[in-house]
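# Observations on chain architecture
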Amino acid sequence: MVDTLVSEASGLSLWGFKSPPSHQRILILCSVLGTFSSAAHAKTLRYELSDFTPKTFRIVADFSEVTRIVINPSPSIQPFISDLSLQTEAPKAFPLKANQPIDLRVCKKQCRLSYVFHYRDAAEKIDDIDRIGLQDSLVIGDPSLWLFAGDSDAADAPDLATLSADTATSSHMAHGFFPAGPSYWSWNPRHKDGLAPMLIGDIQRETLQVGASAIEIVRAKSALPINEKSVLAWIKNASSSVAQYIGRFPVPKVLLYLRPVKGGGEIRGGKTFGSGGATILIPVPTESDDASLKRDWVLTHEFMHLSLPLLPRQHHWMEEGLATYAEPVARYRLGFLTRAQVFGDMMQGMPSGQPEADDRGLDHTPTWGRTYWGGAFYYLHVDIELRKRSQGKIGVENGLQGIAAAGGSIAELWDVEHVLKAADKGTGFTVFSDTYAKMKDKMPAEDLDRLWKDLGISADAKVLHFAEKGEMARVRESLLSGKP
Ligand SMILES: [Zn+2]
């Protein structure tokens, strides 16, 4: 199962693919803003999209609340921008030349920048799906490339960005931004290193509600047919497992882009993007059926990623470790795995996460084993400690609830201290921080055989036996069930 994963490479995107991604984005830690308690007081940048055609759409960006900034469009995107004009007290055309900044300090009160984006040409020429490219027949790209925002470090930078679109434009787009009202969406525009990807083109979509959250399931209208009933049940089961584990689905909305791939077999990988919103890309074999999808762990793993804010690259193990550790436990709680499967996989996987002789701690040893299983061991250790101290009542899921209560999710970029503090607050203990301090720079290898024995697990001819009596057996059962 999980032990076939290889290292995920990017801080902005979390890969579950079995081969490394082709492109790596470097994550730069942005200033932490937390949640917006009152959008009314935030300096807002408003985007309206309109005039959709098979090759272009218009963007009107209203900078009236943030006029003291200069915009430097990416040189690679400039050839695909036309009809740029600035509407201010004295409207004027605004010729865009290569490498010429757009200085909005000429505005006083009114400041609306209007331009046409040639998205189809950009996708064909740039042809890089991590920036803008084509997948199936859809354009996929990072909307920060064409939603001009200016320098996010400027004193007058906006605190909030909102997006709305006319009906025709809206029906040809899907994005990971969270809803902020009946027909508009919002995000933190200071996430300048990229935003959760957007899809543009002939899209078929369906929305699945998980409690108060929406999973927007999309694929290209021209995509190969898939076994829709089984696929929908698969998405329901994975999302319910994560919602049940944490207490609610971790984000108000996620864009789930399904890419049918010809053939059968298992789901081979997925990719989760955060920053400003949440988007998951996942290839689905056209011959997938109930049986193969019931075995799948990848989608639950990707949904679990949504609960944790994006962290600087050195803490990537904390992101992968959570998804690796909590995915089987969450699936167990809804009856999709047995106790023997959960612990059997842990016993098989955990040894590859233990430190070797040259280890420099979880923050400084970015190998596959330390990232996935070293990270998973961190959460197992945290869970056991919390259960011991709380008579089984408190565990890792309470830490995730603490992060959610502080406004954390994959849409945010936090530093590690912020995550640990919020997680500890959710539990009432300092186990997340204390365990991190113990494992980040160096840690001795754990005697895992001893640990399994302590937890009352023994193996005989590959069959696991579970002792039902004793304090540690109770700890083991409470971390599995979430109940004391
Ligand atoms: Zn992952």
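Cut-offs applied
- Residues numbered from 1 in each chain as written.
- Predicted model: local features only at pLDDT ≥ 70, side-chain atom pairs only at ≥ 80, totals over all residues.
- Helix = DSSP H or I, 4+ residues; strand = E, 2+ residues; numbered from the N terminus.
- Buried ≥ 20, exposed ≤ 12 C-beta atoms within 10 Å, placed from the backbone.
- Contact = placed C-beta atoms within 7 Å.
- Pairing = 2+ DSSP bridges.
- Axes fitted to C-alpha atoms, helices over the stretch in contact; angles between N-to-C directions.
- Arc of directions from axis to C-beta.
- Core = buried A, V, L, I, M, F, W, Y, C linked by C-beta atoms within 7 Å.
- Domains from an automatic or database assignment.
- pLDDT = per-residue confidence, 0-100.
- Parallel < 35°, antiparallel > 145°, perpendicular 65-115°, else oblique.
- Left-handed = near helix turned anticlockwise from the far one by under 90°.
- Nonpolar A, V, L, I, M, F, W, Y, C, P; charged D, E, K, R; others polar.

### Brief notes about the overall build of the protein
Along the protein, the regular secondary structure elements total 13 helices and 22 strands. Looking at the protein as a whole, 45% of its 484 residues are labelled buried. Here the analysis covers contacts within the protein between residues at least 6 apart in sequence; of these, 71% occur between residues at least 24 apart.

### Considerations on the pairing of strand 22 (residues 463–466)
In this sheet, strand 22 lies alongside strand 21 (residues 457–460) in antiparallel orientation, the contact comprising four bridges. Note that in strand 22 the partner of isoleucine 457 across the bridge is phenylalanine 466.

### Concerning the sheet that holds strand 10 (residues 138–141)
Taken together, four strands build an open sheet; the order of strands is 9-10-15-12 and the sheet is antiparallel. Either end of the sheet is taken by a strand with one partner, and the two such strands are strand 9 (132–135) and strand 12 (173–175). When the angles between neighbouring strand axes are averaged without regard to direction, this sheet yields 25 degrees. Looking at chain direction, strand 9 and strand 10 are connected through four bridges and run antiparallel. Considered in strand 10, the bridge of isoleucine 132 is made with glycine 141. Set on the sheet, helix 1 (residues 119–126) makes contact with strand 9, strand 10 and strand 15 (198–200); between it and strand 9 the angle comes to about 90 degrees.

### A word on helix 1
Every buried residue of helix 1 is listed here: Tyr119, Ala122 and Ala123. Angularly, the buried residues of helix 1 cover 100 degrees about the axis, an arc narrow enough to put them on a single face. Of the surrounding elements, those touching the buried residues of helix 1 are strand 3 (57–62), strand 8 (112–117), strand 9, strand 10 and strand 15.

### What about the nonpolar core?
Residues Leu199, Leu256, Ile282, Ala326 and Tyr379 are the most contacted members of the largest nonpolar core, which totals 123 residues. Broken down by element, the residue count for this core peaks at ten residues, all from helix 8 (residues 368–389). When we break this core down by domain, the ones giving at least three residues each are domain 1 (17–126 + 140–196) and domain 2 (319–481). Ignoring any residue separated from it by four or fewer positions in sequence, one finds leucine 199 in contact with Leu138, Ile140, Met173, Ala174, Val218 and Tyr257.

### Focus on the confidence of the model for the protein
Averaged over every residue, the pLDDT of the protein is 88; the share at 70 or more is 89%. Low pLDDT, under 50, characterises residues 1–40; the stretch is placed with 95 contacts to residues that sit more than four places away or in other chains.

### A short note on the packing of helix 5 (residues 298–305) against helix 6 (residues 316–333)
Direction vectors running N to C along helix 5 and helix 6 enclose 125 degrees, while the axes themselves pass 8 Å from each other. Taken together, the axes of helix 5 and helix 6 lie oblique to each other. The hand of the helix 5/helix 6 crossing is right-handed. Residues Thr300, His301, Met304 and His305 of helix 5 lie in contact with helix 6, whose contacting residues are Glu319, Leu322, Ala323, Ala326, Glu327, Ala330 and Arg331. Here the residues of the contact of helix 5 with helix 6 are counted per class, giving five nonpolar, three polar and three charged.

### Here's the deal with the packing of helix 3 (residues 228–246) against helix 5
In the contact formed by helix 3 and helix 5, the axes pass within 9 Å of each other and the chain directions differ by 45 degrees. By the angle class used here, helix 3 and helix 5 are oblique. Where helix 3 crosses over helix 5, the handedness of that crossing is right-handed. Between helix 3 and helix 5, the residues in contact are Trp234, Ile235, Ala238, Ser239, Ser241 and Val242 and Leu299, Thr300, Phe303 and Met304, respectively.

### Details of helix 9 (residues 396–405)
Burial of helix 9 is extensive: eight of the ten residues sit out of reach of the surface. Taken together, the buried positions of helix 9 are Val396, Glu397, Asn398, Gly399, Leu400, Gln401, Gly402 and Ile403. Against the buried residues of helix 9 lie helix 3, helix 6, helix 8, helix 10 (416–427) and helix 11 (431–439). With its phi angle positive at about 90 degrees, glycine 407 sits one or two positions after the end of helix 9.

### Things to note about unusual backbone geometry
One non-glycine residue, aspartate 127, lies in positive phi territory at about 50 degrees. Take aspartate 127: there are 11 C-beta atoms within 10 Å of it, and that puts it in the exposed class. For aspartate 136, which is not a glycine, the phi torsion comes out positive at approximately 50 degrees. With respect to the helices, strands and loops of the structure, aspartate 136 is situated in the loop between strand 9 and strand 10.

### What to know about the environment of glycine 408
Inspection of the secondary structure puts glycine 408 in the loop between helix 9 and helix 10. The spacing of glycine 408 and valine 251 is 157 residues in sequence and 9.1 Å in space, taken between C-alpha atoms. When sequence neighbours within four positions are dropped, the list of residues in contact with glycine 408 reads Pro309, Ile403, Trp414, Val419 and Ala422.

### Digging into the environment of leucine 224
With respect to the helices and strands, leucine 224 occurs in the loop between strand 17 (213–220) and helix 3. You can call leucine 224 partly exposed: it has 14 C-beta atoms within 10 Å. Separated by 38 residues in sequence, leucine 224 and lysine 262 have C-alpha atoms that sit 7.6 Å apart. With residues up to four places along the chain from it excluded, the contact list for leucine 224 reads Pro260, Lys262 and Thr286.

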